[in-house]
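# Notes for the structure review
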Amino acid sequence: MTTKTYDGQTARFLASVATCMPPLSSDVMQGWIDNQQGLKKFLGGLNPSVVEGKKTVLNFREEVSVGPLKKRFVPNEFFVTRDEGLHLYNNMQHVLKNAQIVESAEAAKLRCFDLTMNAYDKEIKAELPQRREVALWQIAHLIEAQKNGEDGSLLTNGHANIFYVAGYVVNVNWHTADRRWCVSSWGLVGVSWDAGDRVFSSN
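Structure report, in brief. The structure presented is a predicted model; accordingly, all values stated were derived computationally and were not measured.

## Some words on a nonpolar patch on the surface
On the surface, a cluster of nonpolar side chains totalling about 240 Å² of accessible area is made up of F13, L14 and V17. As for its placement among the helices and strands, F13 is situated in helix α1 (residues 8-20).

Below is the structure:
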């Protein structure tokens, strides 16, 4: 049996990882031990542009907390064009047509990624978790947290903030000149997104 050895920098890096690692229960640790492929994919974020020698389109950035939702959320009341803060493009009506009212919801975590290169929806979704769809109330929560274009999880530099919902992709974009968020949607028909855009996923 060959014993794995590390150079000094690698040893210091692993020690730093151990120091920064959050508390994990025995069950959680065993889950990662039993799922080494998943762990390998997760740790691939440490080298954001390369996984197993293949260049990736997504660079994991951070986890984002949303909620809890404490009051009734009516999608067709929030997602409307108003004088200050929000402009809704007509193509969002496809998403809102069958959108459900949400009475309440527990806090949730979203994961966000930055695009490392221009990419189509198919390429982006291939690198996202299977459970990727984001709820409309969660998108609204993020917009409200930066309603005047403040710094936060959503990009305000002209790049797109991308959310996959049932059957569509929603683009949330801050327009500096108009001082408002512009929200649109597209069918999953091969839209090309730009390097520097940001993608949000529910898992």
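## Concerning the sheet that holds strand β9 (residues 180-187)
One open sheet holds the 7 strands; their spatial order is β3-β5-β11-β7-β8-β9-β4, and the pairing between them is mixed. With partners counted over all chains shown, the strands left at the sheet margins are β3 (58-66) and β4 (85-88), one partner each. Strand-to-strand twist of the sheet, defined as the mean angle between neighbouring strand axes without regard to direction, takes the value 25 degrees. Two elements, β3 and strand β5 (residues 108-115), share 8 bridges in a ladder whose sense is antiparallel. Bridge assignment links N59 to a residue of β5, and that residue is D114.

## Here's the deal with the packing of aromatic side chains
Here a ring pair, both rings aromatic, is described through the centre-centre distance and the interplanar angle of the planes. Applying the stated rule across the entire model yields 6 aromatic pairs. Their ring planes at 50 degrees and their centres at 6.1 Å tell us that F73 and F78 sit as a pair that is tilted. The class of F78 is buried, set by a relative accessible area of 13%. A network of ring pairs unites the aromatic residues F73, F78 and F79 as a single cluster.

## Observations regarding the pattern of salt bridges
Within the structure shown, the criterion is met by 3 salt bridges. One salt bridge in this structure joins D114 and R61, with 3.4 Å as the shortest N-O distance. A residue pair is termed long-range when its members are at least 10 positions apart, and D114 in strand β5 and R61 in strand β3 qualify at 53 residues. The exposure class of R61 is partly exposed, given its relative accessible area of 46%. Of the charged contacts, one joins E103 and R72 as a salt bridge, the two residues approaching to 3.0 Å between their closest N and O atoms. Taken together, the residues span a long stretch of sequence, with E103 in the loop between α5 (93-96) and β5 and R72 in the loop between β3 and α4 (75-78) at a distance of 31 residues. Each of R61, D114 and R198 takes part in salt bridges that share partners, so that together they form one network.

## Quick word on the environment of M92
With respect to the helices and strands, the residue M92 is situated in the loop between β4 and α5. With relative accessibility at 0%, the residue M92 sits in the buried group. Between the alpha carbons of M92 and N171 there is a distance of 9.6 Å; along the sequence they are 79 residues apart. Excluding residues that lie within four positions of it along the chain, M92 makes contacts with F79, V170, V183, S184 and S185.

## Digging into unusual backbone geometry
The omega torsion of the bond from G67 to P68 falls at 5 degrees, within 30 degrees of zero and hence cis. On the secondary structure map, P68 appears in the loop between β3 and α4. Its identity is not glycine, yet R179 carries a phi of approximately 55 degrees, on the positive side. Checked against the element boundaries, R179 lands in the loop between β8 (168-175) and β9.

## So, the nonpolar core
Ranked by size, the top nonpolar core spans 29 residues in total, and within it F79, I139, I143, F163, V170 and V183 carry the most contacts. Among the elements of the structure, β3, β4, α5, β5, α7 (136-145), β7 (161-165), β8 and β9 are those that each provide at least two residues to this core. With 6 residues, α7 is the single largest residue contributor to this core. When sequence neighbours within four positions are dropped, the list of residues in contact with I143 reads F78, F79, L86, L154, V172, W181 and V183. By size, the runner-up hydrophobic cluster in this structure holds 14 residues, among which are L58, I124, L128 and V169.

Thresholds, definitions, all that
- Residues numbered from 1 in each chain as written.
- Predicted model: local features only at pLDDT ≥ 70, side-chain atom pairs only at ≥ 80, totals over all residues.
- Heavy atoms only, no water.
- Patch = residues over 30% accessible without salt bridge, like charges linked within 9 Å, V, L, I, M, F, W, Y side chains within 5 Å.
- Areas by Shrake-Rupley, 256 points an atom, 1.4 Å probe, with all protein chains shown as cover.
- Salt bridge = Lys/Arg side-chain N within 4 Å of Asp/Glu carboxyl O.
- Helix = DSSP H or I, 4+ residues; strand = E, 2+ residues; numbered from the N terminus.
- Pairing = 2+ DSSP bridges.
- Axes fitted to C-alpha atoms, helices over the stretch in contact; angles between N-to-C directions.
- Phe/Tyr/Trp six-rings, centres within 6.5 Å; stacked < 30°, edge-to-face > 60°.
- Buried < 20%, exposed > 50% of the residue type's maximum accessible area, 1.4 Å probe, protein only.
- Contact = heavy atoms within 4.5 Å.
- Core = buried A, V, L, I, M, F, W, Y, C linked by side-chain atoms within 4.5 Å.

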